[in-house]
Amino acid sequence: VGLGAVGLNAAVQAQTIHGRDGITLPSPPAVEAEPVSDDYFGTKIPDSYRWLEDSKTPETRAFIDAQNAYTSRYFKQAHIRSSVVDDLDALEHVSRWSMPIERNGTYFFLKRLADEEQASIYVRHGWPAPGSANKDQRLVDPAVLSRDPNTSVSLAAVSRDGGLLAYGLRQGGADETTLRVINVKTGKTLEDELPAGLYRSVNFTPDGTALFYTRQNRQGTLLYEHVLGTRNSRDTLIFGNEFHGELLGNIDLFYAALTDDWRYLVVTINRGVPAKRVDIVYRDLTKPNSTFEILVWGIDSRFSAIRANNAWYVKTDYHAPNGAIFKADPGIMPDVWTSIVPEGPDVIEDFSIVGGKIYVNRLKDVKSEITAYTLAGKPAGNVAFEAIGTASRIQGKTTDRYGFVSFESFIQPPTLYRIDTTTGKRDIFAQPKIPFDSSQYELKQVFYKSKDGTRVPMYVAGKKGLKQDGTERLLMTGYGGFDLSLTPTWSPEYAWWLSQGGWFALPNLRGGGEYGEHWHEQAMFEHKQNVFDDWFAAAEYLIANKYTSPGHFAIIGRSNGGLLMGASITQHPELFSAVLCGYPLLDMLRYQKFLQGPQWTTEYGSADKEKQFPYLLKYSPYHNVKAGTAYPAVMFFTGDSDTRVDPLHARKMTPLLQAASSSGRPILLHYSLAGGHSAGISVEQQIQDHADELTFLWTETGQPARLPSNSAPR
């Protein structure tokens, strides 16, 4: 058991801290250790920094200020930071668009112009003819709503006739939003406003006179109806109270949606995060006082449903770990449903029905493929892309001729297409102009063996002709959890790294959904170590094949990926030179007690359970720090607005690691007072944050070459 459990006086002995490129720092700020002890089934576990869990005390605020000041001393000496900011400005201050929502030939979407800090909500009337001067009309501008550049808006819902639009208003990086409604024709905001909360879904009623919304709290989710023009206190609870607070292994989270014909209100209930069981019920809105009917209920499998052509089409992993699609009969066991797209060797990631066709997104060795089928399940072609990358699901209504799809990769900025489901023809809806020449880079996939012999895929990207002699820097990222598949997506941070001549790698660790539910299950609960073993094997493969060496090896991960970084620090510090640990889970004995932590016990387990406590203690990074270990350079990155993973993890781990490390390398805390776990911060704030991350990682992986003042990739 490491220092997090036995306690440590963190009055760090005076020493000079040496960063690369000539950066020197004094000893980290002294932090008082005040051990308290918890008894876990007869095992006493002290915690030296329990007092840092409370973010609001004067002592914790003083700690944050001292650590931020210490981190600032590092960046004031970092020679490359100004050029990194210039490069990122060119990569990030570009126009961007979201996927549009179509209503009667009118398109609603988010768009951010190159010189703006936040996206606005726009409307486009009709598809522009070649050479036409069709102009997008701005409906909601966050800069008008607030002077705070970290105020953002999201498009929540559009009424059936396109006359009303609901949007979310977010402050900083918090997950909570405030909901408002605007009249599209007049541009006036209605008096209706739903207070800040976690809204999982928002839908207008078919006649546009009310909103259905789901709001989550610590006990689960509730579905309400808000009649426009009435007080919020009169909102009607219409679903969820039956099992609110009922824990079927975890909190129940659900969202609501209306079918494309606006007839049925469909509620999809996820039992846990990720869901081990999904229930689906629906209500016929054409029948007054109708009750919810069951589409599927009580089966320990996952389901998602689309209604088309007066029938229910359901994707499920029931007896099909890689996924299958059925035509479903409500309330009947899936065993007797009609098979439409049977399970195959490649995992079905998602599906949609547009223009009367079923479009199935598969991952073939983690590469996106989209295949079309008739509603009877007969093959009807595919949607081909020219390179390795990530294709979105095709979005649109079941009866519409046109849908929308996006495509991107680590070396290909995202492009949005409108696709004709009749002819297959694609037209560009939006394409950002980014100073990055994709033709100068290559993206490939390799496979390696993990500790237990499992074959694991990994993406590797770099400039064409880049040396492979162990002298180049390499940045690797990963996640490995919650059934999330990591595919090649565009990132200005990764693009910068590649443009400077570094390698970039992404291993597809177990715990994700890249190979179906079996792949996910191999890294849950007591099997979580498989994620870490896959990760370390990836690092060893890259070193053995001379992509890089430990002294030039940087890693980055956030959230569950931050837990991966914590395990990297404590289990194999010798493999890496620099670690960016963002918004991390690190104290795995107490994570479930804070913010959204209770939702994740279906993935990790809980130390409150006697059988699960031992394996959590064995890998919990906070409890496996060991004094006198030569740890790599580490920067913990978090902030006050993270309302998902409590920043206490990074606050507690920072002084623990600072006191324990014998390497003399920097251990820093980058604690944002504006940003949080998810999107929402301004472009300028994002540039500054990314510049800090990249400056740290590049500097701490070797002596950087002299960069010109503006080295934006061409």
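Above: the structure in question.
If you're wondering where the values come from, they're calculated on a predicted model, not measured in any experiment. (Residues numbered from 1 in each chain as written. Predicted model: local features only at pLDDT ≥ 70, side-chain atom pairs only at ≥ 80, totals over all residues. Heavy atoms only, no water.)

A.B. asks: I'm lost on the packing of aromatic side chains in this one. Help?
C.D. replies: Given two aromatic rings, their pairing is described by the distance between the two centres and the angle made by the two planes. Inspection of every chain in the model, using the stated rule, returns 37 aromatic pairs. Centroid distance Phe-109 to Tyr-122: 6.3 Å. Interplanar angle 10°. Geometry classified as stacked. Here Phe-109, found in strand β7 (residues 106-112), pairs with Tyr-122, found in strand β8 (residues 120-125); they are 13 residues apart in sequence, far enough to count as distant. Note on accessibility: Phe-109 and Tyr-122 belong to one class, buried. The structure contains a cluster of three or more aromatic residues connected by ring pairs, namely Tyr-107, Phe-109, Tyr-122, Trp-127, Phe-404 and Phe-429. One Lys or Arg, Arg-418, reaches over the ring of Tyr-402 and ends 3.7 Å from the middle of that ring. Over the ring of Trp-698 we find Arg-473; its NZ or CZ atom is 4.1 Å from the centre of that ring. (Phe/Tyr/Trp six-rings, centres within 6.5 Å; stacked < 30°, edge-to-face > 60°. Helix = DSSP H or I, 4+ residues; strand = E, 2+ residues; numbered from the N terminus. Buried < 20%, exposed > 50% of the residue type's maximum accessible area, 1.4 Å probe, protein only. Lys NZ or Arg CZ within 6 Å of the ring centre and 35° of its normal.)

A.B. asks: In this structure, what is going on with helix α8 (residues 560-571)? I would like to understand it.
C.D. replies: For an α-helix, the turn length of 3.6 residues means that residues three or four places apart are oriented alike. The end-to-end C-alpha separation of α8 is 16 Å, in line with the 16 Å expected for twelve residues at 1.5 Å each. Counting buried residues in α8 gives eleven out of twelve residues, a clear majority hidden from the surface. (Expected span 1.5 Å × (residues − 1).)

A.B. asks: Mind showing me how you'd approach the sheet that holds strand β21 (residues 303-308) here?
C.D. replies: Strand order in this open sheet of four strands is β21-β22-β23-β24, and the pairing throughout is antiparallel. Among the strands making up the open sheet, the edge pair consists of β21 and β24 (338-341). Between one strand and the next, the sheet's axes are offset by a mean angle of 30°, whatever the strand orientation. Sheet topology note: the strand β23 (residues 324-328)/β24 ladder contains three bridges and is antiparallel. Along β24, the bridge assignment pairs Lys-327 with Thr-338. (Pairing = 2+ DSSP bridges. Axes fitted to C-alpha atoms, helices over the stretch in contact; angles between N-to-C directions.)

These figures capture arrangement, not role.
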